[in-house]
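Observations on the model geometry
Chain residues, written in single-letter form:
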Amino acid sequence: MNARRDTCLTILTGMLLCTAAGAGTTVDLTAEASRPAANDMVRATVFAEASGSNPGELARRVNQLTILETIGRQLAAATHSHRLFEIILDYALDFTHSRWGNIAIFDPARQILEFKAWRGYSNPLTDLAVSKGICGKAVLTCQAINTPDVTTDANYLDFTNGEARSQLSIPLVNEGK
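Keep in mind it's a predicted model, so treat the numbers as computed, not measured. Here the residue index of a chain counts from 1 through its sequence in written order. Confidence filtering applies because this is a predicted model: local features only for residues at pLDDT of at least 70, side-chain atom pairs given and counted only at 80 or more, and all residues used for totals across whole chains, interfaces and linings. Values shown for side chains rest on all heavy atoms present in the structure; no hydrogens or waters enter the calculation.

1. Considerations on the confidence of the model for the protein chain
Reading predicted coordinates in detail is not appropriate for stretches of low pLDDT. When pLDDT is averaged along the protein chain, the result is 74, and 66% of the positions lie at 70 or above. You can read pLDDT as the predictor saying how much it trusts each residue, on a scale of 0 to 100. Any pair of residues with heavy atoms lying within 4.5 Å of one another is described as a contacting pair. Predicted confidence for residues 1–8 stays below pLDDT 50, and this span has 26 contacts to residues more than four positions away or in other chains.

2. Some details on helix α3 (residues 81–96)
By the criteria applied, helices consist of DSSP H or I runs no shorter than four residues and strands consist of E runs no shorter than two, each listed in order from the N terminus. A helix is expected to span 1.5 Å for every residue after the first. Its 16 residues place the ends of α3 23 Å apart at the C-alpha level, agreeing with the 22 Å of an ideal helix rising 1.5 Å per residue. For the exposure calls, accessible area comes from a 1.4 Å probe over protein chains only, and a residue counts as buried if that area is under 20% of its type's maximum, exposed if over 50%, partly exposed in between. All buried positions along α3 are accounted for by Leu84, Phe85, Glu86, Ile87, Ile88, Leu89, Tyr91, Ala92, Leu93 and Phe95. Just beyond α3, the residue with positive phi is His97, at close to 55 degrees.

3. Some points on the environment of Cys142
Position of Cys142 relative to the elements: it lies in the loop between α4 (133–141) and β5 (145–147). Residues Cys142 and Pro171 lie 29 residues apart in sequence; the distance between their C-alpha atoms is 6.1 Å. If near-sequence neighbours (up to four positions away) are discounted, Cys142 is found in contact with Pro171 and Val173.

4. Some points on the nonpolar core
Counting 16 residues, the largest nonpolar core has Leu113, Phe115, Leu128 and Tyr156 as its most contacted members. Secondary-structure elements contributing two or more residues to this core are β2 (100–107), β3 (112–119) and α4. Counting residues per element, this core draws most heavily on α4, at 4 residues. Of all hydrophobic cores here, the second largest spans 6 residues; its members include Phe85, Ile88, Ile103 and Ala117. For the purposes of this section, nonpolar cores are sets of buried Ala, Val, Leu, Ile, Met, Phe, Trp, Tyr and Cys residues that join through side-chain atoms within 4.5 Å.

This is how it looks when you write it as structure tokens:
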């Protein structure tokens, strides 16, 4: 088992934008990025010296904006919603260093979460009643839920065969829905 904590990421979406902040977290976009990460730190250091700000924090923010810019370019090039969900999930998993993740759409008429993209699970995910699981709770409360130890949450549904240690569920709301 890895020394790092394994995290399961769930993104529930009605909108296609998510920003996250994590101390010291960067994503290497290599050829995809318009600015290499090394240049982000140089730019941030120069700006920090001129403005009296923290260069590390500025570099993280530039990295986040670079990720969003790259996602925007890829989204503009994608023509199918399935591909859009795949792109977003790939970046979310890279950003959180997670082995598992999914994107689901809430269908209020049927009160279910429809899984649109997933990674890392041994079995395909099927529709799930919104009344079940941590992700369902996140949808019903319209609140992000970070569960650092899934063994302590009675709402946790294990789709990772006992390997995940934590779960992050983020409901993204568009126009109050």
